[in-house]
Amino acid sequence: MFTNIILKTPYYLYDLDVLCQTLSAATLSAKKYNYHIHYAIKANHNPVITDMINRFGLGADCVSGNEIVEALYRGFPANKIVYAGVGKVDDEIKLALLRDIFCFNCESIEELEVIEQVAKNNNKNAHVALRINPGIQPHTHYNITTGTEENKFGIHLSQLQQALDLCNHSPWLKFEGLHFHIGSQITSLKPFVELCKKVNNIFSDFEIQKYGGLHLNLGGGLAVDYGEPQQNMIPDFSTFFSVFAANLKVPQNMNIHFELGRSLVAQCGKLITKVLYTKKGINKTFLITDGGMTELMRPALYQAMHKIENISSKYPEEKYDIVGPICETTDVLAKDIFLPGTKRGDILAVYSCGAYAESMMLKYNMREKAKSFFLKNGKIFASNLFEKEKKCKSQISELKNY
Ligand SMILES: *Cc1c(COP(=O)(O)O)cnc(C)c1O
């Protein structure tokens, strides 16, 4: 499966042993309460990563038709695939129906009507959970908050009864459960406690228990430590799940699902980039690297902070702004950080790039696609999934012609 390699920067380096440990910790903690985990594929759809996640028996959380096709191709069983997203295209809905996925996480009344129509046209029942916007402030970055009162995601509580009625009166819609996802990189457990209380209230206010065989999906959002990734490599899944076990008051036999993305994959990945130029400004020194916002968009998108190390230098520390080569002022990897004295040609490692880095890669400036490499038992490998990849592509077009 692996072949010889040339390491050309910038590239992603994934430590499969770290991924393995993280997945073991997550699945073990979830097992204690019989919780089901779906992996949010949008965090990282690198096939080597998704293959390993699938081997741990997780389900998949998809937000597009292509993600559903990819999940199926990687071996995730259809009955473990959930499908969220505020803008599902009719063809994507049809694909999901024909592939018999576990559940649509439906985000609006109008979407519910479209799913019903597509189901009817294809003579299929649509299994739907309603994504509810619980009005919770998760105190994360504004741009990754999804569950506040006024937000494009989810159905507002004031419309829940209407959505329930729609499901009840339709022969094509099968109401399967409630879905929540309040945001990402949530560093405090308080918003999750709040979420549990909201869920408990919704269950009693709308007499949810009268519908049999429902499941509850509580989304993702568990944070990782971007400041000290080496000290806190594995997120505290055990405490995270225990918060729900302690605070949820829903029927004992109800299946409870989570959708974890970042917490499963962020710490196994690094972006490796080379310093192309050093440049003295008036008060600052800039390091211009060959990787930038096209390989790691998070700092430009939400002022995200990543730990960065110079793995080539042992000189005393100096203060730098690390910027990419892209023609945008926001193309910054880090501002005002201390690194050992750095010169042209030094190699930098940007930590916590396993989530929302490769999957957000941009082509802007006609950039070459950065490659990915893998560490296993201290050895570095290139993935040789190219042939498999091609097969996958043809399968995608095949499925699309359904
Ligand atoms: C992105 C997303 C997730 C995963 O969020 P993380 O913060 O990466 O755990 C889960 N559910 C839905 C619906 C999402 O859009």
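Residues numbered from 1 in each chain as written. Predicted model: local features only at pLDDT ≥ 70, side-chain atom pairs only at ≥ 80, totals over all residues. Heavy atoms only, no water.

1. Notes on the pairing of strand β19 (residues 379-383)
Condition: Note: two strands are recorded as paired if DSSP finds a minimum of 2 bridges between them. Only runs of H or I of at least four residues qualify as helices and only runs of E of at least two qualify as strands under DSSP, and these elements are numbered from the N terminus.
Note that strand β18 (residues 371-376) and β19 share four bridges and pair antiparallel. Among the inter-strand pairings, F374 is bridged to a residue of β19, identified as F381. Counted along the chain from β18 to the antiparallel partner β19, the turn is two residues long, and its residue N377 has a positive phi close to 50°.

2. A short note on the confidence of the model for the protein
Put simply, the rule reads: Confidence per residue, as judged by the predictor, is encoded in pLDDT with a range of 0 to 100. By definition in these notes, contact holds between two residues if any of their heavy atoms fall within 4.5 Å.
Summing up the model confidence of the protein, the mean pLDDT is 93 and the portion of residues at 70 or higher is 94%. Considering only residues more than four positions removed or in separate chains, one finds that residues 394-402, a stretch of pLDDT under 50, has 10 contacts.

3. Side note on unusual backbone geometry
Going by this rule: Note on classification: 1.4 Å probe, protein chains only; a residue is buried when its accessible area is under 20% of the maximum for its type, exposed when over 50%, partly exposed between these limits.
Looking along the chain, the bond that leaves T9 and enters P10 is cis, with omega of -5°. By secondary structure assignment, the location of P10 is in the loop between β1 (2-3) and β2 (11-15). Notably, N123 is not glycine yet its phi reads approximately 55°, a positive angle. With respect to the element layout, N123 can be found in the loop between α5 (109-121) and β7 (126-133). Unusually for a residue other than glycine, Q185 sits at a positive phi of about 50°. Relative to the assigned elements, Q185 resides in the loop between β9 (173-179) and α7 (190-205). The class for Q185 is buried, based on a relative accessible area of 13%.

4. Here we look at the site of the ligand
Note the threshold: Throughout, near means a residue has at least one heavy atom within 4 Å of the molecule or strand. Here a polar contact is taken to be a pair of N or O atoms separated by no more than 3.5 Å, where protein atoms must pair a possible hydrogen donor with a possible acceptor and residues adjacent in sequence count only if both atoms sit in side chains. Note on areas: Shrake-Rupley with a 1.4 Å probe; residue coverage comes only from the protein chains shown. For this classification, the nonpolar set comprises Ala, Val, Leu, Ile, Met, Phe, Trp, Tyr, Cys and Pro, the charged set comprises Asp, Glu, Lys and Arg, and every other residue, Gly included, is treated as polar.
What surrounds the ligand is a group of 15 residues, the closest being K42, S184, E259, R262 and Y356. A distance of 2.3 Å is found between an oxygen atom of the ligand and a side-chain nitrogen or oxygen belonging to S184. One of the backbone nitrogen or oxygen atoms of G221 is found 3.0 Å away from an oxygen atom of the ligand. For the ligand, whose unbound accessible area comes to 390 Å², protein coverage reaches 95%. Taken together, the residues that form the shell around the ligand break down as four nonpolar, six polar and five charged.

5. A look at the domain arrangement of the protein
Just so we agree on the cut-off: Throughout the structure description, domain borders are defined by an automatic or database domain assignment. Accessible area that two parts lose when put together, with a 1.4 Å probe and added across both, is what the buried area reports. Salt bridge, as applied in this entry: a Lys or Arg side-chain nitrogen positioned within 4 Å of an Asp or Glu carboxyl oxygen.
One can read the domain layout of the protein as domain 1 (84-260) and domain 2 (267-389). Look at where the C-alpha atoms of domain 1 and domain 2 centre, and you get two points 34 Å apart. At the junction of the two partners, domain 1 supplies 11 residues and domain 2 supplies 11 residues. A combined buried area of about 1100 Å² lies between domain 1 and domain 2, and 54% of that area is made up of carbon and sulfur atoms. Across the domain 1-domain 2 interface, the total number found is zero salt bridges. Put simply, domain 1 and domain 2 have two residue pairs in polar contact (both at pLDDT 80 or more) between them. For the side of domain 1 that touches domain 2, the residue count by class is five nonpolar, five polar and one charged.

6. Quick look at the packing of helix α1 (residues 16-31) against helix α8 (residues 237-247)
Counted only if it meets this: A fitted line through C-alpha atoms serves as each axis, taken over the contacting stretch for helices, and the angle formed by two N-to-C directions is quoted from 0 to 180°. Roughly parallel means an angle under 35 degrees; roughly antiparallel means over 145; roughly perpendicular covers 65 to 115; every other angle is labelled oblique. Left-handed is the label given to a crossing in which the near helix is rotated counterclockwise from the far helix by less than a right angle, and right-handed is the label when the rotation is clockwise.
At a minimum axis separation of 9 Å, α1 and α8 run at an interaxial angle of 25°. Compared by their axis directions, α1 and α8 come out roughly parallel. Pair α1 / α8 crosses with right-handed handedness. Residue-level inspection shows T22, A25, A26, S29 and A30 of α1 in contact with α8, the latter providing F237, S238 and F241. Of the residues that constitute the contact of α1 with α8, the class distribution is five nonpolar, three polar and no charged.

7. Considerations on the nonpolar core
In plain terms, the rule: Among buried residues, those of type Ala, Val, Leu, Ile, Met, Phe, Trp, Tyr and Cys that are joined through side-chain atoms within 4.5 Å constitute a nonpolar core.
Counting 112 residues, the largest nonpolar core has L130, L178, L216, L218, F244 and L264 as its most contacted members. In terms of domain composition, this core takes at least three residues from each of domain 1 (84-260) and domain 2 (267-389). Not counting chain neighbours up to four residues away, the residues in contact with L130 comprise C106, L112, I155, L160, A163, L164, C167, F175, G177, L178 and H179. Among the nonpolar cores identified, the runner-up in size contains six residues, and Y11, I272, A349 and F373 belong to it.

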